[in-house]
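Listed here are the chains, written in short residue letters.
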Amino acid sequence: ASSCKACDYNCAGGSFHTACGGAISGSCQSCAAGQFKPSGVGQSCSDCPAGTFTGSPGQAAGEPCGGLTHWQDATGAYACKAVTTCSATQYETAAPTSTSDRVCSSHTVCTSSQWEITAFGTHHDRECTAIDTCTAATQWETKAFTTTSDRECADHPTCTFVQWASVKAGTH
């Protein structure tokens, strides 16, 4: 009769089997946090892939980070990272996923020679454009510009030889 014993490497989910040999039969040990192993035969656990985590030892599968409020770009993670929140002076240029954070960019600030043609939002930037300039010799300003509207100009009237101008041409 043989005194050899077969080594049973079969373990429950979240556990791996240590080596057998000599007088040692090996045993099932829990996978560390950040690792997992489905049930069955195996001597090692796997790191959780990016976008997943295990927060405690002995897990059979990784939990998804979701991508709406949490994400994880590293493998072997035991927690997810909180998604960045854009500030009031920023807008989202890339949405978060389970493996990437939200990307925010600063809103454009219009210069003193520009007006805002499109207001900013949480997912888009403001657009600025140059303020119109009235041609001094031939136009006058009918409406002053604001931060959200352009200047409006009108042509000076041109008198015929039998007419005369009641006011001198100017800017208003």
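Going by the structure above, here's the rest.
Residues numbered from 1 in each chain as written. Predicted model: local features only at pLDDT ≥ 70, side-chain atom pairs only at ≥ 80, totals over all residues. Heavy atoms only, no water.

Asks: Help me understand the overall build of the protein chain, please; the structure alone is not making it clear to me.
Replies: Regarding its fold elements, the protein chain presents 0 helices and 16 strands. Its C-alpha atoms give the protein chain a radius of gyration of 36 Å, clearly above 16 Å, the size a compact globule of 172 residues would have. Each of the three principal axes of the protein chain carries a C-alpha extent, and together these read 135 × 20 × 15 Å. Within the protein chain, buried positions represent 23% of all 172 residues. Taking as baseline every contact in the protein chain between residues at least 6 positions apart, the subset at least 24 positions apart corresponds to 30%. For the protein chain, the accessible area works out to roughly 11100 Å², and carbon and sulfur atoms hold 56% of it. Charge centroids of the protein chain, computed over 8 positive and 14 negative side chains, lie 6 Å from each other. (Helix = DSSP H or I, 4+ residues; strand = E, 2+ residues; numbered from the N terminus. Rg over C-alpha atoms; globule rule 2.2 N^0.38 Å. Buried < 20%, exposed > 50% of the residue type's maximum accessible area, 1.4 Å probe, protein only. Contact = heavy atoms within 4.5 Å. Areas by Shrake-Rupley, 256 points an atom, 1.4 Å probe, with all protein chains shown as cover. Lys, Arg positive; Asp, Glu negative; His and termini not counted. Charge placed at Lys NZ, Arg CZ, Asp CG, Glu CD.)

Asks: What exactly am I supposed to notice about the pattern of salt bridges here?
Replies: Any two side chains of opposite charge can pair if their charged atoms end up close together. Counting across every chain of the model gives 5 salt bridges. Taking the shortest distance from any N to any O, the salt bridge between Lys 143 and Glu 152 comes out at 4.0 Å. (Salt bridge = Lys/Arg side-chain N within 4 Å of Asp/Glu carboxyl O.)

Asks: Which parts of the structure should I look at to understand the state of the cysteines?
Replies: Covalent bonding between the sulfur atoms of two cysteines is what defines a disulfide. By the definition in use, this model includes 7 disulfides. Covalently, Cys 65 is tied to Cys 80 through a disulfide, its sulfur atoms 2.0 Å apart. Judged by the sign of its S-S torsion, about -85°, the bond between Cys 65 and Cys 80 is left-handed. Residue Cys 65 is found in the loop between strand 8 (63-64) and strand 9 (70-71), and its partner Cys 80 is found in the loop between strand 9 and strand 10 (81-82); the two are separated by 15 residues along the sequence. Given a relative accessible area of 8%, Cys 65 falls into the buried group. (Disulfide = S-S within 2.5 Å.)

Asks: Sorry if this is basic, but what is going on with the environment of Arg 151 here?
Replies: Here Arg 151 shows up in the loop between strand 15 (139-143) and strand 16 (152-155). The residues contacting Arg 151, other than those within four sequence positions of it, are Ile 131, Asp 132, Thr 133, Cys 134, Glu 141, Lys 143, Ala 144 and Phe 145.

Asks: Looking at this structure, how should I read the side chain of Ser 149?
Replies: Examined against the element boundaries, Ser 149 turns out to sit in the loop between strand 15 and strand 16. Ignoring sequence-local partners within four residues, the contact set of Ser 149 consists of Trp 115 and Lys 143.

Asks: Whenever I open this one, the side chain of Glu 116 confuses me. Can you help?
Replies: Along the polypeptide, Glu 116 turns up in strand 13 (residues 114-118). A distance of 2.6 Å separates the side chain of Glu 116 from the side chain of Arg 126, its partner in a polar contact. Sequence-distant contacts of Glu 116, defined by excluding residues within four places in its chain, comprise Cys 110, Arg 126, Glu 127, Thr 147 and Thr 148. (Polar contact = N/O pair within 3.5 Å; in protein donor to acceptor, adjacent residues only side chain to side chain.)

Asks: Mind showing me how you'd approach the environment of His 156 here?
Replies: With respect to the element layout, His 156 can be found in the segment after strand 16. The exposure class assigned to His 156 is buried, which follows from its relative accessible area of 15%. With 18 residues separating them along the chain, His 156 and Thr 138 place their C-alpha atoms 5.5 Å apart. Of the polar contacts made by the side chain of His 156, one reaches the backbone oxygen of Gln 139; its length is 3.0 Å.

Asks: Just to check I follow, could you spell out the environment of Cys 153 for this structure?
Replies: Relative to the elements of secondary structure, Cys 153 occurs in strand 16. For Cys 153, a relative accessible area of 28% corresponds to the partly exposed category. Among residues more than four places away in sequence, those in contact with Cys 153 are Thr 133, Cys 134, Gln 139, Trp 140, Glu 141 and Thr 142.

These results come straight from atomic positions and should not be treated as a statement about function.
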